[in-house]
Amino acid sequence: SPDGNRIASASNDGTIRLWDNQGNPISQPFKGHQEPVNSVAFSPNGNRIASASNDGTIRLWDAQGNLIGQTFTGHEKEVFSVAFSPNGKIIVSGSADKTIRLWDTSGNPIGEPLKGHEKAVYSVAFSPEGKIIASGSIDKTIRLWDTQGNPIGQPFKGHEKEVLSVAFSPNGKIIISGSADKTMRLWDTQGNPIGQPFKGHEESVFSVAFSPDGNKIVSGSWDGTIRLWDTQGNPIGQPFKGHEGAVTSVAFSPDGNTIVSGSWDRTIRLWDTQGNPIGQPFKGHEDRGISVAFSPDGNTIVSGSWDKTIRLWDTQGNPISQPIKGHEDWVLSVAFSPNGKTIVSGSNDSTIHLWRGGNWQDWLDVACNRLIRHPILVAPETLLAEDSEMIEVAKDARSNCQNSVWNKTEKAQFMVNQGWAIAREGDMEGANAKFQQARKLSSSINVPTSEQVAWWAAEGWVNKGEKLVKEEKFKEALAAYNKAQKLDRTVEISAESWNTLCRSGSLHGQAAEVMQACEKAVTLAPKNGAFRGSRGLARALTGDKPGAIEDFQAYIKSIDSDEERIKQRQGWIDALKAGKNPFTEEEIEKLKGE
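Residues numbered from 1 in each chain as written. Predicted model: local features only at pLDDT ≥ 70, side-chain atom pairs only at ≥ 80, totals over all residues. Heavy atoms only, no water.

Once that is clear, we can look at the sheet that holds strand β16 (residues 205-210). In spatial order, the strands read β16-β17-β18; together these three strands make up an open sheet with antiparallel pairing. Two strands bound the open sheet, and with one partner strand each, they are β16 and β18 (226-230). Recorded for the sheet is a direction-independent mean angle of 20 degrees between the axes of neighbouring strands. Summarising the sheet, strand β17 (residues 216-221) and β18 pair through five bridges and their orientation is antiparallel. Pairing of I217 across the sheet is with W229, part of β18. (Pairing = 2+ DSSP bridges. Helix = DSSP H or I, 4+ residues; strand = E, 2+ residues; numbered from the N terminus. Axes fitted to C-alpha atoms, helices over the stretch in contact; angles between N-to-C directions.)

Right, let's talk about the packing of helix α11 (residues 529-541) against helix α12 (residues 545-558) for a bit. At a closest axis distance of 8 Å, the pairing of α11 and α12 adopts a crossing angle of 155 degrees. Considering the angle they form, α11 stands roughly antiparallel to α12. Crossing handedness for the pair α11 and α12: left-handed. Side by side, α11 and α12 meet where G529, A530, R532, G533, R535, G536, L537, R539 and A540 of the first sit next to G547, A548, E550, D551, F552, A554, Y555 and S558 of the second. For the contact of α11 with α12, the residue count by class is seven nonpolar, five polar and five charged. (Parallel < 35°, antiparallel > 145°, perpendicular 65-115°, else oblique. Left-handed = near helix turned anticlockwise from the far one by under 90°. Contact = heavy atoms within 4.5 Å. Nonpolar A, V, L, I, M, F, W, Y, C, P; charged D, E, K, R; others polar.)

The next subject is the packing of aromatic side chains. How two aromatic rings sit relative to each other is set out by the distance from centre to centre and by the angle between their planes. Per the counting criterion, the structure on display carries 15 aromatic pairs. Pairing F206 with W222 gives two aromatic rings, centres 5.4 Å apart and planes at 50 degrees, and the pair type is tilted. Of this pair, F206 sits in strand β16 while W222 is found in the loop between β17 and β18, placing the two residues 16 residues apart along the sequence. Assessed through its relative accessible area of 37%, W222 is described here as partly exposed. On the basis of an interplanar angle of 50 degrees and a centroid distance of 6.2 Å, the ring pair of F552 and F583 is categorised as tilted. Of this pair, F552 sits in helix α12 while F583 sits in the loop between α13 (563-577) and α14 (585-592), and the two are 31 residues apart along the sequence. In terms of burial, F552 and F583 fall into one category: buried. Each member of the aromatic cluster is reached from another via a ring pair, and the members are F206, W222, W264 and W306. Stacked on the ring of W461, the Lys or Arg K464 has its end atom at 4.3 Å from the ring centre. A cation over a ring is seen here: R569 above Y555, with NZ or CZ 4.5 Å from the ring centre. (Phe/Tyr/Trp six-rings, centres within 6.5 Å; stacked < 30°, edge-to-face > 60°. Buried < 20%, exposed > 50% of the residue type's maximum accessible area, 1.4 Å probe, protein only. Lys NZ or Arg CZ within 6 Å of the ring centre and 35° of its normal.)

This paragraph deals with the sheet that holds strand β21 (residues 268-272). The strand order across the open sheet formed by three strands is β19-β20-β21, and the pairing between neighbours is antiparallel. The sheet is open, and its two borders are formed by β19 (247-252) and β21, each paired with just one other strand. Across the sheet, the axes of successive neighbouring strands diverge by a mean angle of 20 degrees, strand direction being ignored. Pairing of strand β20 (residues 258-263) with β21 involves five bridges; the strand directions are antiparallel. Considered in β21, the bridge of G262 is made with I268.

Here we come to the nonpolar core. Residues V462, V469, Y481, W498, L501, A517 and F531 are the most contacted members of the largest nonpolar core, which totals 26 residues. Sorting the residues of this core by element identifies α7 (450-470), α8 (474-487), α9 (495-507), α10 (515-524) and α11 as the ones contributing at least two each. For V469, the residues in contact, after removing those within four places along its chain, are F474, A477, Y481, T500 and L501. (Core = buried A, V, L, I, M, F, W, Y, C linked by side-chain atoms within 4.5 Å.)

This part covers the pattern of salt bridges. Once the charged atoms of two side chains with opposite charge are near each other, the side chains can pair. Within the structure shown, the criterion is met by nine salt bridges. Across the pair E519 and R535 runs a salt bridge, and its minimum N-O distance is 3.0 Å. Here E519, found in helix α10, pairs with R535, found in helix α11; they are 16 residues apart in sequence, far enough to count as distant. Using a relative accessible area of 31% as the deciding quantity, one classes E519 as partly exposed. Relative accessible area serves as the criterion here: at 8%, R535 is assigned to the buried category. With its nearest N and O atoms 3.2 Å apart, the salt bridge here joins D551 to R539. With D551 in helix α12 and R539 in helix α11, this pair connects stretches of sequence that are twelve residues apart. Like D551, the residue R539 is buried in the burial classification. (Salt bridge = Lys/Arg side-chain N within 4 Å of Asp/Glu carboxyl O.)

Structure below.
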């Protein structure tokens with residue numbers, strides 16, 4: 001977020017999640033997209049989040065995860081990229097349907113789709129003053145547009161392969177593009193190429209960055225070299241050679257005097273701007289290192305590697321502490337927070353981690369803050385009910401963190417986490433009391449709304465109900481489901497869950513008690529023959545023979561290949577019509593085994 005206090009993440013699981021800078025999820029996952037979410041962006045004021053998905057839609061959310069207005073529909077294929085205008089009033093999106101779209105923050109399209117690209121649009125960006133949009137495409141071109149959707153000039157043609165990235169210079173007057181055709185190109189905002197293509201790399205250009213003053217550009221390539229260029233496209237000095245594998249990440253130091261590079265040769269290197277290596281390669285990673293970043297003060301470098309670790313280094317190449325372990329798969333991306341106190345890492349294990357760097361006190365902080373949401377610390381009595389010794393161990397650990405590490409805000413956050421755990425047990429009153437304690441300790445802490453607590457408590461009662469069904473406590477299960485729906489009418493209890501309660505309860509002598517569950521299952525899925533069959537069983541066992549016959553007939557119509565089951569249900573129908581009860585103890589036991 002613009003203030004650096006929150007992180008938004010998008011996932012292939014179709015959700016967006018919001019996190020505070022201690023790594024704690026804020027509220028529930030944002031649900032609404034039907035397919036993977038490719039891109040998320042904060043508005044400039046941090047109050048809204050835009051998301052783009054493979055379901056072809058854009059959605060706008062407030063910071064509590066509530067959908068704002070309507071879903072942004074219009075794209076016909078995956079949405080690859082979204083961005084806010086600098087003033088936060090316009091959202092731009094690029095899609096596999098070859099178009100760019102502009103939207104207001106209510107989800108209304110502004111004008112017609114921006115058409116011109118012949119293939120998928122991979123990258124979109126606003127200029128710093130917000131008046132121009134740049135787009136890069138698989139069709140090998142870059143295009144500029146005004147905010148009314150009018151193309152500015154002709155497409156920027158020159159790249160011979162995919163345009164992988166577009167970006168504006170800090171002053172907004174120059175656009176740089178990197179391509180799989182091994183070149184980089186500079187353009188002015190009228191679409192005129194500035195100089196000749198930057199030629200020199202022998203393979204795809206994967207990483208480019210402007211220097212802080214905007215006067216230099218650094219590039220990293222699959223050919224294993226780094227190159228420095230001025231903004232007229234002239235190479236500055238010779239290629240930086242030393243890496244023995246592809247260079248996939250480059251960055252300037254904050255003062256612009258040093259360049260760091262990460263490579264598939266498992267090393268990190270520092271260079272001055274004349275291309276001279278500074279010191280020896282940083283060695284330690286046991287697999288390919290693919291992401292590097294400077295701390296804001298320029299004194300520390302962080303690297304992430306396919307060896308699943310993050311490492312910190314001083315500028316002499318000395319490792320700071322031990323490798324940071326926690327990810328279960330490749331670390332793909334690392335970055336420092338603006339104040340330099342926190343590192344965020346993204347991994348192929350589908351997780352995001354936050355870490356604090358520095359001395360052993362910092363690592364103690366990391367340990368406690370990694371555990372601040374751990375269920376064993378938050379609610380040991382719930383998870384360790386039969387192990388009193390481990391409950392005491394968990395309480396001692398919790399006490400150590402509270403007394404030695406956590407500040408008031410962190411203590412308040414832990415109380416919020418406890419509140420969520422209490423709500424999960426269905427105790428809405430107890431949860432709200434804990435949230436109020438947290439608010440008294442830290443007035444700035446984010447606490448959930450009553451509606452969010454009700455939803456969470458309702459989910460807890462649903463889970464209790466499902467557990468009670470397995471324990472054959474059918475009356476209690478039905479009461480739990482009803483409690484959940486009383487707390488939140490929108491809580492989802494699936495037709496399958498209602499049917500399981502209906503059938504199991506009926507087979508255990510409680511057909512009358514679970515009839516409500518039978519009706520719920522059929523109401524939610526009226527065309528499901530199996531659910532009709534379960535209700536038919538309950539009806540037969542409670543003396544409603546006409547209703548049972550009707551349901552069994554519906555069941556038979558729903559299947560056409562299972563002759564044995566058809567014969568069985570027809571036998572029940574014939575018995576019921578003859579005034580007999582087909583559900584003997586033997587038949588009931590047989591059905592329990594199915």
